[in-house]
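# Examination of the molecular architecture
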Amino acid sequence: MPFCEQLVQAGRELLGSGLTVETWGNISCRDPVTGNVYLTPSAMAYDRCTAADMVVFAADGTQIDGRRRPSVEAAMHLSVYRARGDVQAILHTHRVYSTVFGCLGEKIPPIIDEAAQALGGPVPVTAYALPGSEQLARNCVDALGALGMACLLRSHGAVCCGVDMAGTFKTARVLEMTAQIYYMARTIGTPEVLPPDKVDWMRDFALNRYRQ
Ligand SMILES: [Zn+2]
């Protein structure tokens with residue numbers, strides 16, 4: 001599917017999944033062949049966007065196509081792609097339970113097998129920076145590091161990555177599910193964090209051996 005169409009469909013899925021509200025959040029994907037990055041426009045309802053509304057950047061960050069103003073988080077998306085050759089799609093979500101931990105400045109530890117498989121280790125929280133700022137982009141890249149698939153922006157949603165759009169949605173769904181379970185478990189007890197060696201085994205299994 002062409003990349004702009006992929007974003008249109010992802011926008012509808014984002015709304016339907018409840019992973020954001022209104023026009024918040026944003027979605028991008030990268031063409032692994034050309035390195036071009038495709039991004040959703042700023043302040044437009046996801047269910048009204050067409051392929052022609054998407055904005056295209058060259059690998060160096062220059063806007064090369066699109067009649068709309070890009071999402072204010074363009075710098076964040078472009079910075080993550082520059083830092084991470086393995087990431088081909090990024091979803092910035094505004095979801096309740098993960099944002100609870102982002103507001104507290106508390107990382108979400110791997111407490112369930114799904115988190116270990118899809119997210120690897122603990123999901124970190126960035127320092128606070130204004131939306132759309134270069135500082136937020138830098139904080140996000142730092143928090144993701146070399147291997148992280150998700151991070152919480154302080155007091156402001158989450159950034160989820162994947163090797164393709166389907167993988168990115170999986171990251172986002174598992175993050176929110178883990179956050180909800182972690183929140184609920186802490187209301188009645190102390191959830192046990194999975195041991196790092198078990199987390200590493202499951203992440204390796206998910207990346208290299210989990211297939212039909
Ligand atoms: Zn946001």
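Residues numbered from 1 in each chain as written. Predicted model: local features only at pLDDT ≥ 70, side-chain atom pairs only at ≥ 80, totals over all residues. Heavy atoms only, no water.

## Quick word on the coordination of the zinc ion
Convention followed: Distances define the donors: N, O and S atoms within 2.8 Å of the metal qualify, as do those within 3.2 Å of Na, K or Ca. Water is excluded, so some sites may look unfinished. Each residue gets one of three labels from its accessible area relative to the maximum for its type: buried under 20%, exposed over 50%, partly exposed in between, using a 1.4 Å probe on protein chains only.
Only His92 (NE2), His94 (NE2) and His156 (NE2) from the protein reach the zinc ion as donors, at distances of 2.0 to 2.1 Å. Counting the intervening residues between successive donors of the zinc ion yields the motif H-x1-H-x61-H. Residue classification places His94 among the partly exposed positions, given a relative accessible area of 21%.

## Considerations on the sheet that holds strand E6 (residues 150-152)
Convention followed: Two strands form a pair only when DSSP identifies at least two bridges running between them. Secondary structure elements are defined from DSSP: runs of H or I of at least 4 residues count as helices, runs of E of at least 2 residues count as strands, and each element is numbered from the N terminus. Note on geometry: axes are lines fitted to C-alpha atoms, helical ones only across the stretch in contact, with angles between N-to-C directions running from 0 to 180 degrees.
In space, the seven strands of this open sheet follow the order E4-E3-E2-E1-E5-E7-E6, with antiparallel pairing throughout. Looking along the sheet, the strands with just one partner apiece sit at the ends: strand E4 (63-65) and E6. Geometrically, the sheet is characterised by an average inter-axis angle of 20 degrees between neighbouring strands, direction not taken into account. By the bridge criterion, three bridges tie E6 to strand E7 (residues 158-162) in an arrangement that is antiparallel.

## Let's talk about the packing of helix H3 (residues 96-104) against helix H6 (residues 165-188)
A pair of packed helices is captured by two measures, namely the crossing angle of their axes and the spacing between those axes. How we decide: Roughly parallel means an angle under 35 degrees; roughly antiparallel means over 145; roughly perpendicular covers 65 to 115; every other angle is labelled oblique. Working rule for handedness: look at the near helix, and if it is turned counterclockwise from the far one by less than a right angle, call the crossing left-handed; if clockwise, right-handed. Throughout, a residue-residue contact means that at least one pair of heavy atoms, one from each residue, lies within 4.5 Å. All residues other than Ala, Val, Leu, Ile, Met, Phe, Trp, Tyr, Cys, Pro, Asp, Glu, Lys and Arg, Gly among them, are scored as polar; the first ten of these are nonpolar and the last four charged.
Their axes nearest at 7 Å, the elements H3 and H6 cross at an angle of 65 degrees. What the angle tells us is that H3 and H6 run roughly perpendicular. Of the two elements, H3 crosses H6, and the hand of that crossing is left-handed. Side by side, H3 and H6 meet where Val96, Tyr97, Ser98, Val100 and Phe101 of the first sit next to Leu175, Glu176, Ala179, Gln180, Tyr182, Tyr183 and Arg186 of the second. The residue inventory of the contact of H3 with H6, partitioned by class, reads eight nonpolar, two polar and two charged.

## Some details on the UniProt feature "domain: Class II aldolase/adducin N-terminal" (unreviewed entry) in the protein chain
To be explicit about the condition: UniProt positions are given in the numbering used here, feature names are shortened, and annotations may be inferred rather than shown by experiment.
In this numbering, the UniProt entry assigns the feature "domain: Class II aldolase/adducin N-terminal" (unreviewed entry) to residues 5-183. Helix makes up 39% of residues 5-183 and strand 15%, with an end-to-end C-alpha separation of 36 Å.

## Quick notes on the nonpolar core
What counts is decided by this rule: Buried residues of nine kinds, namely Ala, Val, Leu, Ile, Met, Phe, Trp, Tyr and Cys, make up a nonpolar core once their side-chain atoms join them within 4.5 Å.
By size, the foremost hydrophobic cluster in this structure holds 35 residues, and its most contacted members are Ile27, Ile108, Leu119, Met165 and Leu175. Residue assignment for this core shows that the elements contributing at least two residues are helix H1 (3-17), strand E1 (26-30), strand E5 (89-93), helix H4 (113-119), E6, E7 and H6. If one sorts the elements of this core by residue count, H6 sits on top with seven residues. In this view, Leu175 contacts Ser98, Ile108, Leu119, Val123, Ala150, Leu152, Ala158 and Cys160; residues no more than four positions away in its chain are not counted.

## Focus on the layout of surface pockets
So the rule is basically this: Grid points spaced at 1 Å and placed over the protein atoms alone form the basis of the search, with a cavity being a set where a 1.4 Å probe fits but cannot get out and a pocket an open set showing protein on both sides within 12 Å along at least five of seven lines. Lining residues have an atom within 4 Å of a point. Grid points are joined across faces, edges and corners, and a volume is the space filled by probe spheres set on the points.
Put simply, the largest pocket is a space of about 570 Å³. Lining the largest pocket are 25 residues, and of these Gln117, Ala118, Met149, Arg203 and Leu207 sit closest to its centre. Within the residue set of the lining of the largest pocket, elements represented by two or more residues are H4, E7, H6 and helix H7 (196-208). Grouping the constituent residues of the lining of the largest pocket by class yields 13 nonpolar, seven polar and five charged. Taken together, 17 residues form the lining of the second largest pocket, with Thr23, Trp24, Gly25, Asn26 and Val72 sitting closest to its centre.

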